[in-house]
Structures are given as C-alpha cells and as structure tokens.
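Architecture and fold: a report
One-letter residues, chain by chain:
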Amino acid sequence: MPSFITLTFRICLFMLFPLLAHAGLPQSASVPGGVAVVPLGSVSADVAMPQSWLEGQPVLVTADRGQWYAVVGLALDTKPGAHELLVKVGDETKAMAFEVGTKDYPKQHVTIKDKGKVNLSPENEARAGREIAVILGLKHYWRDAQDTDLDFILPAKGELSGRFGLRRIFNGEPRNSHVGLDVAVDRGTPVMSSARGRVLAVDDYFFNGKTIFVDHGNGLITMYCHLDRLDVQAGQAVGKGQRIGLSGMTGRASGPHLHWSVILNGAMVDPELFIPVTP
Ligand SMILES: [Zn+2]
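As the structure is a computational prediction, the values presented were derived from the model and not from experiment.

A tally of helices and strands in the protein yields two helices and 21 strands. Relative to the 2.2 N^0.38 estimate, which gives 19 Å for 279 residues, the radius of gyration of the protein is 20 Å and therefore close to what a compact globule would have. Within the protein, buried positions represent 49% of all 279 residues. For the protein, contacts bridging at least 24 residues in sequence account for 69% of all contacts bridging at least 6. For the protein, the exposed area adds up to about 14,100 Å²; of that, 56% sits on carbon and sulfur atoms. Averaging the locations of the 27 positively and 28 negatively charged side chains of the protein gives two centres separated by 5 Å.

Every protein donor of the zinc ion is accounted for by H178 (NE2), D182 (OD) and H259 (ND1), and the metal-donor separations fall at 2.0 to 2.1 Å. Mapping the donors of the zinc ion onto the primary sequence gives the spacing H-x3-D-x76-H.

Attention shifts here to the pairing of strand β2 (residues 51-54). Burial of the side chains of β2 is restricted to one face: S52 and L54 are buried, whereas none of Q51 and W53 on the reverse face is. As defined by bridge partners, β2 adjoins strand β6 (residues 81-89) across three bridges and the pair is classed as antiparallel. Following the sheet pairing, S52 is matched in β6 by V87. Pairing geometry for β2 and strand β3 (residues 57-58), over two bridges, is antiparallel. Across the sheet, the residue bridging to W53 is P58, located in β3. In this antiparallel pair of consecutive strands, β2 and β3, the connection spans two residues, and E55 shows a positive phi of 45°.

Bringing the nonpolar core into the picture now. Residues F213, Y224, L258 and F274 are the most contacted members of the largest nonpolar core, which totals 47 residues. Top contributing element to this core by residue count: strand β16 (residues 220-227), with six residues. By size, the runner-up hydrophobic cluster in this structure holds 17 residues, among which are V38, V61, L85 and V87.

Moving on, we get to the sheet that holds strand β10 (residues 167-170). Spatially, the three strands line up as an open sheet ordered β8-β10-β11, and their pairing is mixed. On the outer flanks of this sheet lie β8 (107-110) and β11 (173-177), each paired with one strand and no other. Pairwise comparison of adjacent strand axes, ignoring direction, gives a mean angle of 30° for this sheet. As judged from the four bridges shared by β8 and β10, these two strands associate in the parallel manner. Bridge assignment links K107 to a residue of β10, and that residue is R167.

Not every positive phi belongs to a glycine, and R65 is a case in point at roughly 45°. As for its placement among the helices and strands, R65 is situated in the loop between β4 (60-64) and β5 (67-73).

Within the structure shown, the criterion is met by five aromatic pairs. Here the aromatic rings of F206 and F207 are separated by 5.1 Å at their centres, their planes lie at 75°, and the arrangement is edge-to-face. Feature note: the residues F152, W260 and F274 constitute an aromatic cluster, connected by ring pairs. Taking NZ or CZ as reference, R252 lies 4.1 Å from the ring centre of F170, over its face.

Relative to the helices and strands, S247 is located in the loop between β19 (243-246) and β20 (258-264). Since its relative accessible area comes to 1%, S247 is described here as buried. Not counting chain neighbours up to four residues away, the residues in contact with S247 comprise V185, D186, R187, G188, T189, V191, H226, L227 and D228.

Note on placement: R163 falls in the loop between β9 (159-162) and β10. Here the side chain of R163 touches E272 through a polar contact of 2.6 Å, side chain to side chain.

A few words now on helix α2 (residues 122-139). Two residues of an α-helix separated by three or four positions point the same way, owing to the 3.6 residues in each turn. With 18 residues, α2 extends 26 Å between its outermost C-alpha atoms, agreeing within 8% with the 26 Å of an ideal straight helix rising 1.5 Å per residue. What α2 keeps buried is the set A128, E131, I135, L138 and K139. Angular distribution of buried residues about the axis of α2 spans 85°; they occupy a single face of the element. Away from its buried face by more than 90 degrees, α2 exposes P122, R130 and A133.

Another point: the side chain of T78. For T78, the location among the structural elements is in the loop between β5 and β6. A polar contact is formed between the side chain of T78 and the backbone oxygen of A75, at a distance of 2.6 Å. Those residues within four positions of T78 in sequence are excluded, and the remaining contacts are P32, H83 and V100.

The rules behind each value
- Residues numbered from 1 in each chain as written.
- Predicted model: local features only at pLDDT ≥ 70, side-chain atom pairs only at ≥ 80, totals over all residues.
- Heavy atoms only, no water.
- Helix = DSSP H or I, 4+ residues; strand = E, 2+ residues; numbered from the N terminus.
- Rg over C-alpha atoms; globule rule 2.2 N^0.38 Å.
- Buried < 20%, exposed > 50% of the residue type's maximum accessible area, 1.4 Å probe, protein only.
- Contact = heavy atoms within 4.5 Å.
- Areas by Shrake-Rupley, 256 points an atom, 1.4 Å probe, with all protein chains shown as cover.
- Lys, Arg positive; Asp, Glu negative; His and termini not counted.
- Charge placed at Lys NZ, Arg CZ, Asp CG, Glu CD.
- Donors = N, O, S within 2.8 Å, 3.2 Å for Na, K, Ca; no water.
- Pairing = 2+ DSSP bridges.
- Core = buried A, V, L, I, M, F, W, Y, C linked by side-chain atoms within 4.5 Å.
- Axes fitted to C-alpha atoms, helices over the stretch in contact; angles between N-to-C directions.
- Phe/Tyr/Trp six-rings, centres within 6.5 Å; stacked < 30°, edge-to-face > 60°.
- Lys NZ or Arg CZ within 6 Å of the ring centre and 35° of its normal.
- Polar contact = N/O pair within 3.5 Å; in protein donor to acceptor, adjacent residues only side chain to side chain.
- Expected span 1.5 Å × (residues − 1).
- Arc of directions from axis to C-beta.

So, in structure tokens, the structure goes:
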C-alpha cells in the first residue's frame, strides 16, 4: 500500500503533468487538409483541462510547455475564411475565432490497369458504398485519453511517392483527392504504428485493401492501407514503432506501396504535419 508521502507525490505529479508535458505539437497549417493549432491559455493547477468543439465535433486539446492548445483537423472541403471553435474553460463556454487560409494542391494522373476498380460494377459499387459508411463511423470514433502522442514516426522506410491533397485523375477521369501519404515500398516491407495506441479496426476493403485503423485517443486516428499481411487484431494495444503488418498492393493500388492517413476530429489531414520535416 503506498504511503501518504508517496501518494501525495503521485497526486502532485499528476497535477504538474499538464504544466510540464511536451506533446510534440504538429506543425500548424490552418488551410484545408491542414491542422490549426489554437492556443487556449496557460495551464494552471486550479483550472481543469479546457474542452473544445468544431461544428459539434469534439476537438483534441493538449498541454505543451505550460500552455493549452486545441489541435484542430481541417477537412479538405473546409471553406477558407473565418471559423469558430467552441471552448469550455471551467464553467464558461465561449466562441473563439480562427482563420482558415487557402492551399492549391497539384494534380496527379494515375493509371489503374484493373478497370473494374475505376468503373465499378453494381455489386462493387454497393460494396464500396457500404464500406465508405463503415469507414465514416471509424473516422469519427472518440476515446478520451490522457497521453495522446502527437509526435509520429513515418510508418515505413521508403521515399514519399504520393503527397497528401493531390487532385487525382484515374485513367483520365477526375476522382476524389488523395487524402493520405504514400510511401514507396516493396511488397512485404514492415509497417509500424506511427505512435502508441489501440487497434480500432482491421478489415479488407474494396478500395483500401487490407487496412488497419489505430486509435491514439482524443479523435486522433491513423490508417494503413493496401497491406499484404495484417499482424494485429482489433482492441490490441500497440506501441510506437511496433510492426502491425506488411506492405502490399491489395485493394485499388497501381503498385506496391503504403498508403498512410491521419484523421483528426473526423477530418483527413496531411500526415506530413505530424512527422519531422523532410528536406
Ligand atoms: Zn495513397
């Protein structure tokens, strides 16, 4: 049984944690597909952690070097201009304005040899539709967590081949933008969890192929697609850098690669904002 002194020490450490914590904030890029890092004031021992919402969706709040920050995911279809974050500090709830700028993402032409993966049959259309609904639910999953790690590692060793936000044209036809980061790796390359978390779902989807979702808490989720092999199960705890599967080209892929997505408060955002800047 812990002594009174040990217990007091532990309680003090718990209260000091937000004051000392260094969350490794992502780069702030207040643009569609980016992340707005909004300061919410100083951490103090007598005020609880603020809470925050964007359009009714809870938003991640973290402490970094004595300051609270809302870390807000901005979907690619976010309209540039003034936006409002709802912030609750103690008993007081107030609206906080922040600005979203513009960003022009380049176009990319992609050739998919399997035409059945571009122009879908009615059965595949129905399957893909069902899966999009399931994925939409997973993207909005929320678990309260004390210790969300925002300092990610690139989940596979390889060149970055397809950047986030590319406006894709499949076999000459405009399709949805690229909402992830592609890493060029051969089939069978180890794929690691980009931070500690819990496996939220593991499945084999029409477009994304064999896929793993890892939940890092507070609405921060990573997704790993086109895998050849899945080494984890839903509900399993994973560490940063732990192998979760092997890369491949399952689903709709023009060749073997890892597609990695980062989801924040339900929005797909640029994963490069979470990893050390590449030259
Ligand atoms: Zn991709």
